[in-house]
Amino acid sequence: MPEENQELTCTYDPLKEFLAHYADAKSVKSETSSYANMTIEEKLKQRIIDGDKLGLDDDLRQALETYSALQIINDILLGGMKTVGDLFGSGEMQLPFVLQSAETMKAAVKFLEPYMEKVEGEQSKGVMVLATVKGDVHDIGKNLVDIILTNNGYRVVNLGIKVALEPMLEAAEREHADAVGMSGLLVKSTAIMKENLEVMESRNIRIPVVLGGAALTRKFVEKDLRALYSGSLSYAQDAFDGLHFMEKLKTPPEIAPKEVEKKPLTLAEAIKAMSEQRVTTMQVLDAIEEEDYLIAEAFGKWSLRDLVAHMIGWERLTFERNELIKQGLEPDAVSCDDADAINDTFVHTIDTRSKKELLRQFQDVRADLVASLRSLSEEHYVNDVGRLPSVQKRLPGCTFEHEREHLAKVIAWVASKDEELDSATGAESKIVMASRALPWMRHPKKAVSAAEKNVELEALQEELADFPIAVQRIETAEGTEKLVRTSATPHDNPVPTPPFWGSRVVEDIKIEKVWEYLNEV
């Protein structure tokens, strides 16, 4: 073939040349992955992770014989990008290699675009104006949102990169957009997004906005930025969150059906509901650390231990009532006025502080209750007994509905506790851990009567009995008195030579328990 007719291919890749500088750096893989024994799905995913574009087109052509273009992107390639994100987040992959993976993803999407099916004449589900904010040139994530929305029936007006607010608003008005999406990778882009929202708020613009980008966090968007903007504002962690945002935005709200009276459950239905709810409840309770069961005032005046103890109490009471009913006796009815006192009795009667023992009792009383229910006659199950409503009426509120209500509180508490510690840094994290062990740190001091002081003193002395920490009543010069936490350890001990400090050594202390010993120094 004459030289002038030969097709020339440029093999120079600036990014690869740049990566050569990182040849000795720790990488995810010490050598190039071998694709020989991989399926086409595994091969494509690994190419994204490795950032390997050589031979990518051939693999995509092979995949198109089995999958649609959109399936390849959604089900295979995005899985590789998720792995890249996880590796970057854990510090196992450095930024240059992330960029290489992103370039490979971009090349794959570009190759697949002509193969993506679009239904001619189909009306779009909704319209989004999408842009990378002013001063930011990163567009891979934004373009993925464009692809996913477009191929799910939405129309996207993609304005590109480095877009100021005015062009976004003009496009939104011109295109009758349902939402505006702002994207950015840089930290300074979060400040631009904040400025944009403030301007929109000052102009009384209320179009729904979705924000995405590596520098954003859900907490920053949903707490800090949402306070600035009266319109709908959401955070998109990935491209699919953008799709979910539009689906939720364009789905008409369901009209709540008129409340109808619940059909009473048969005994078999009630036992099934109890069993199904208990499986879910135990999965959650088993996953919570034992020390977290004893965090004071996690649920009002109760700890998680107390919460479980009072559920045990109500099921035990239900069991005992069943046994009386079977004997032809009339159990006492409980009024709403007595409920709080009964709850407190349950909490103090079931006094184990061991998670294992507590959950064993929780399961044992359930087994006893189910056995008791199975032995009830239909008459005993459906009929009221004097002033006491029937077992059929009382059972849900004492078992699975009661359990479901409290489980929702527990799940919310665990999530907020994790978020509190995840969001804290430096000294804040120490305060968070301290407040879990010392509930008085979480609440402002309030005035109490002399009688209440005596109760508080006795409670504190009992609570701290296992530690060499004393709580004393001190009279002030003004004739009033106050409670003071002091150490029972003498303070006139000679200071030992470092690294020792203090008058004793305590080993195997969990980090959050260290705060209980601070008064000793």
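Relevant structure appears above.
All of the points below concern the structure found in this document. (Residues numbered from 1 in each chain as written. Predicted model: local features only at pLDDT ≥ 70, side-chain atom pairs only at ≥ 80, totals over all residues. Heavy atoms only, no water.)

1. A closer look at the packing of helix 2 (residues 40-50) against helix 3 (residues 56-64)
Moving on, step 1. At a minimum axis distance of 10 Å, the contact between helix 2 and helix 3 shows a crossing angle of 145 degrees. You can see that helix 2 and helix 3 cross each other, and the crossing is left-handed. Note on element contacts: helix 3 touches helix 2 through L56, D59, L60, Q62 and A63, opposite I40, K43, L44 and R47.
Moving on, step 2. Per-class residue counts for the contact of helix 2 with helix 3 are 5 nonpolar, 1 polar and 3 charged. (Axes fitted to C-alpha atoms, helices over the stretch in contact; angles between N-to-C directions. Helix = DSSP H or I, 4+ residues; strand = E, 2+ residues; numbered from the N terminus. Left-handed = near helix turned anticlockwise from the far one by under 90°. Contact = heavy atoms within 4.5 Å. Nonpolar A, V, L, I, M, F, W, Y, C, P; charged D, E, K, R; others polar.)

2. Focus: the sheet that holds strand 5 (residues 233-236)
Moving on, step 1. Here 5 strands make up an open sheet; going across it, the order is 2-1-3-4-5 and the pairing parallel. Whereas interior strands pair on both sides, the edge strands pair on one side only; in this sheet they are strand 2 (155-158) and strand 5. Pairs of neighbouring strands in the sheet enclose a mean axial angle of 25 degrees, with direction left out of account.
Moving on, step 2. Bridge analysis of strand 1 (residues 127-132) against strand 2 gives 4 bridges, and the strand direction is parallel. Bridging from a neighbouring strand, V127 pairs with R155 of strand 2.
Moving on, step 3. Sitting on the sheet, helix 8 (residues 187-202) is in contact with strand 3 (179-183), strand 4 (209-212) and strand 5, with an inclination near 170 degrees to strand 4.
Moving on, step 4. Contacts from helix 10 (residues 239-250) reach strand 1, strand 3, strand 4 and strand 5, with the element oriented near 150 degrees to strand 5. (Pairing = 2+ DSSP bridges.)

3. Some words on the pattern of salt bridges
Moving on, step 1. Counted according to the given criterion, the structure contains 21 salt bridges.
Moving on, step 2. A salt bridge links R305 to D306, with the nearest nitrogen and oxygen atoms 2.9 Å apart.
Moving on, step 3. Among the residues examined, D306 registers a relative accessible area of 12% and is labelled buried. (Salt bridge = Lys/Arg side-chain N within 4 Å of Asp/Glu carboxyl O. Buried < 20%, exposed > 50% of the residue type's maximum accessible area, 1.4 Å probe, protein only.)

4. Describing the packing of aromatic side chains
Aromatic ring pairs: the centre-centre distance and the angle between the two ring planes describe each pair.
Moving on, step 1. What the rule picks out here adds up to 3 aromatic pairs.
Moving on, step 2. Taken together, a centroid distance of 5.2 Å and an interplanar angle of 55 degrees make the contact between F299 and W413 tilted. Here F299 is found in the loop between helix 11 (267-287) and helix 12 (304-326), whereas its partner W413 is found in helix 17 (residues 400-423), with 114 residues between them in sequence.
Moving on, step 3. For F299, a relative accessible area of 14% puts it in the buried group.
Moving on, step 4. By relative accessible area, W413 is classed as buried at 11%. (Phe/Tyr/Trp six-rings, centres within 6.5 Å; stacked < 30°, edge-to-face > 60°.)

5. Topic: helix 7 (residues 165-174)
Moving on, step 1. Taken together, the buried positions of helix 7 are L165, M168, L169, A171 and A172. Projected down its long axis, helix 7 shows its buried positions confined to an angular sector of 160 degrees, all on one face. Structural note: helix 7 exposes E173 and R174 on the side pointing more than 90 degrees away from its buried face.
Moving on, step 2. Among the residues trailing helix 7, H176 stands out with phi positive, at a value near 55 degrees. (Arc of directions from axis to C-beta.)

6. So, the environment of I140
Moving on, step 1. Tracing the backbone through its elements, the reader meets I140 in helix 6 (residues 140-150).
Moving on, step 2. Distance in space between the C-alpha atoms of I140 and L185 is 9.8 Å, their sequence separation being 45 residues.
Moving on, step 3. Aside from chain neighbours lying at most four places away, what touches I140 is A102, E103 and K106.

7. A closer look at the side chain of Q392
Moving on, step 1. Along the chain, the position of Q392 falls in helix 16 (residues 391-398).
Moving on, step 2. Relative accessible area serves as the criterion here: at 18%, Q392 is assigned to the buried category.
Moving on, step 3. Sequence-distant contacts of Q392, that is, excluding residues within four places in its chain, are made with P264, L265, Y381 and V382.

8. Quick notes on helix 2
Because the α-helix completes a turn every 3.6 residues, residues three or four places apart line up on one side.
Moving on, step 1. Burial within helix 2 is extensive, with 8 of its 11 residues counted as buried.
Moving on, step 2. Within helix 2 the residues assigned to the buried category are I40, K43, L44, Q46, R47, I48, I49 and D50.

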